[in-house]
Amino acid sequence: MAYKGLIERYRQYLPVTEKTPVVSLLEGDTPLIRLKRVEEFIGENVRVYGKYEGLNPTGSFKDRGMTMAISKAAEKGVKATICASTGNTSASAAAYSVRAGMKSYVIIPDGHIAMGKLSQALIHGAKVIAVEGNFDTALEMVKLICENYPVELVNSLNPFRIEGQKTGSFEIVDFLGDAPDFHCIPVGNAGNITAYWKGYNEYKKSGKSSKNPVMMGFQAAGSAPIVLGAPVKNPETVATAIRIGNPASWKQAEEARDSSGGVIDMVTDEEIIGAYRILAGCEGVFVEPASAASVAGLIKYAKKGYFPKDREINIVCVLTGHGLKDPDRAIKSVEFAPVTVKPDIKEIEKLIKI
Ligand SMILES: *Cc1c(COP(=O)(O)O)cnc(C)c1O
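Residues numbered from 1 in each chain as written. Predicted model: local features only at pLDDT ≥ 70, side-chain atom pairs only at ≥ 80, totals over all residues. Heavy atoms only, no water.

A. Structural view of a nonpolar patch on the surface. A surface patch of nonpolar side chains, about 730 Å² in accessible area, is lined by Val339, Val341, Ile345, Ile348, Leu351, Ile352 and Ile354. For Leu351, the location among the structural elements is in helix α15 (residues 345–351). (Patch = residues over 30% accessible without salt bridge, like charges linked within 9 Å, V, L, I, M, F, W, Y side chains within 5 Å. Areas by Shrake-Rupley, 256 points an atom, 1.4 Å probe, with all protein chains shown as cover. Salt bridge = Lys/Arg side-chain N within 4 Å of Asp/Glu carboxyl O. Helix = DSSP H or I, 4+ residues; strand = E, 2+ residues; numbered from the N terminus.)

Set out below in structure tokens:
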């Protein structure tokens, strides 16, 4: 049967009824790609898979939550949506809102949004307002607006976002036949780790899996409030999607860590860019920097000898967003810029070494 989007596929696990007008761009159903070159860093008993969420309609996992949030908003008769965003939420909110015939407003931190994401919000017709401040300031502003105007909040504070995003775990279990042993994921506002953990638990309860994975969340070293145990005033990292100093789902992320026996740790920008280059340059998988935090964390923990050696294990890394979101970062991260030559075949031949 033709794929109809994640709400239709997982309807029985989601808070929707016949009356819910489903607003979908056929999000979800993303591939779990074996990462054999990454496995070389980890060990022979380990299979590593990347859940390539960059292949969602607007290029990030945010679409999983947005199809739910906008469908439920449409059910209520909402006319306008608002979100604070490091970029991907605004791209997704703009696309799904316009599809549902709603206006969308997005508040972004001035100067810290990747070009791909900004272009999406604009072309989908969102009203984009940049505030002088970071994501945390933007989210505070959005919460205040929601108190005073009839506008739907579509940040991950919206519980329907989490509901939609939990389907990522369902897909992983459906693909592998059981839950993986370890689940590595970047952590920003911490909605996604919350959602995956909820999904794994629900699937286990319904008998679809025999176990839950150990949850391993990774923040960027310059914006690692959960690791440090206190909000970070001025978060900094090249991984702009996780440049968040005071995560909304902080407690839930700690809950996922503690009840799974996992960790929330940090990786440096250098480690993030290293993993980013391995994924693109060795695996052919182009992700945005924040997404590479999951693989950077995996490599860091493998180096420490964290993973068991005495049995076969499956590890899933969530690759949260597409590399084309942030082309500037890609160009800045390679050693060789394009070479310009005269239109002379000899000049070109000099550069080709096979
Ligand atoms: C939103 C986002 C994250 C962080 O997810 P949270 O739910 O905020 O923890 C990571 N990577 C990308 C690409 C994102 O868009």
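B. Here's a closer look at the packing of helix α9 (residues 191–205) against helix α11 (residues 250–260). Contact geometry of α9 with α11 gives a least axis separation of 8 Å together with a crossing angle of 45 degrees. As far as their axial angle goes, α11 and α9 are oblique. Handedness of the α9/α11 crossing: left-handed. Each of Ile193, Thr194 and Trp197 in α9 lies in contact with α11, whose residues at this interface are Gln252, Ala253, Glu255, Ala256, Ser259 and Ser260. (Axes fitted to C-alpha atoms, helices over the stretch in contact; angles between N-to-C directions. Parallel < 35°, antiparallel > 145°, perpendicular 65-115°, else oblique. Left-handed = near helix turned anticlockwise from the far one by under 90°. Contact = heavy atoms within 4.5 Å.)

C. Broad picture of the nonpolar core. Of all hydrophobic cores here, the largest spans 41 residues; its most connected members are Val38, Ile42, Val48, Met216, Leu298, Phe307 and Ile315. Where this core is concerned, the elements lending two or more residues are α2 (36–42), β2 (46–52), β7 (182–186), β8 (214–220), β9 (263–267), α12 (269–283), α13 (289–303) and β10 (313–319). The residues touching Ile315, leaving out its near neighbours within four places in the chain, are Ile42, Val46, Arg47, Val48, Tyr49, Phe182, Cys184, Leu298 and Phe307. Counting 29 residues, the second-largest nonpolar core is a separate cluster that includes Val187, Tyr196, Ala256 and Val316. (Core = buried A, V, L, I, M, F, W, Y, C linked by side-chain atoms within 4.5 Å. Buried < 20%, exposed > 50% of the residue type's maximum accessible area, 1.4 Å probe, protein only.)

D. View of the environment of Gly199. If you trace the backbone, Gly199 turns up in helix α9. Considered as a pair, Gly199 and Asn212 are 13 residues apart in the sequence and their alpha carbons are 9.8 Å apart. When residues no more than four places from it in sequence are discounted, the contact partners of Gly199 are Lys166, Ser169 and Phe170.

E. Layout of the site of the ligand. The full set close to the ligand counts 16 residues, and Lys62, Asn88, Gly188, Asn189 and Thr320 are the nearest of them. Interatomic distance of 2.7 Å between a side-chain N/O atom of Asn88 and an oxygen atom of the ligand. For the ligand, a nitrogen atom lies 2.8 Å from a polar atom in the side chain of Thr320. Taking 380 Å² as the accessible area of the ligand by itself, protein coverage stands at 97%. Among the elements of the structure, α9 and α13 are those that each provide at least two residues to the shell around the ligand. Residues that form the shell around the ligand fall into these classes: six nonpolar, eight polar and two charged. (Near = heavy atom within 4 Å. Polar contact = N/O pair within 3.5 Å; in protein donor to acceptor, adjacent residues only side chain to side chain. Nonpolar A, V, L, I, M, F, W, Y, C, P; charged D, E, K, R; others polar.)

F. Spatial organisation of the pattern of salt bridges. Per the counting criterion, the structure on display carries 22 salt bridges. Among the ionic pairs, Lys166 bridges to Glu163, the shortest N-O distance being 2.5 Å. Salt-bridge contacts for Lys304 lead to Asp265; the nearest nitrogen and oxygen are separated by 4.0 Å. With a gap of 39 residues between them, Lys304 in the loop between α13 and β10 and Asp265 in strand β9 connect regions that are remote in the sequence. A single network of salt bridges, built from pairs that share partners, joins Lys51, Glu53, Arg64 and Glu171.

G. A look at the sheet that holds β9. With respect to topology, six strands assemble into an open sheet ordered β1-β2-β10-β7-β8-β9, the strand pairing being mixed. In the strand order of this sheet, the two ends are held by β1 (32–34) and β9, each with one partner. Taken pair by pair, the neighbouring strands of this sheet meet at an average axis angle of 25 degrees, ignoring direction. As paired strands, β8 and β9 are joined by five bridges and run parallel to one another. (Pairing = 2+ DSSP bridges.)

H. Geometry of the sheet that holds strand β5 (residues 127–131). Taken together, four strands build an open sheet; the order of strands is β5-β4-β3-β6 and the sheet is parallel. Edge positions in the sheet fall to β5 and β6 (152–153), since each has one partner strand and no second. With two bridges joining them, strand β3 (residues 80–84) and β6 adopt parallel strand pairing. Bridging from a neighbouring strand, Ile82 pairs with Leu153 of β6. Its contacts with the sheet put helix α6 (residues 135–148) on β3, β4 (103–109), β5 and β6, and the angle it makes with β3 is roughly 150 degrees.

I. Structural view of unusual backbone geometry. A positive phi is found at Asp29, a non-glycine position, where the angle reads about 55 degrees. Relative to the elements of secondary structure, Asp29 occurs in the loop between α1 (6–9) and β1. You can call Asp29 partly exposed: its relative accessible area is 40%. A positive phi angle, close to 75 degrees, is found at Ala190, a residue other than glycine. By secondary structure assignment, the location of Ala190 is in the loop between β7 and α9.

J. A look at the environment of Arg257. As for its placement among the helices and strands, Arg257 is situated in helix α11. Note: C-alpha distance between Arg257 and Met216 (41 residues apart in sequence) is 7.0 Å. Discounting chain neighbours no more than four positions away, the residues touching Arg257 are Ile226, Gly262, Val263 and Ile264.

K. How the structure looks around the side chain of Thr89. With respect to the secondary-structure elements, Thr89 resides in helix α4 (residues 88–99). Look at Thr89 and you get buried, because its relative accessible area is 7%. Non-local contacts of Thr89, meaning those with residues more than four positions away in its chain, are made with Lys62, Met66, Cys83, Ala84, Val154, Asn155 and Arg161.

Remember, this is a structural readout, not a statement about activity or role.
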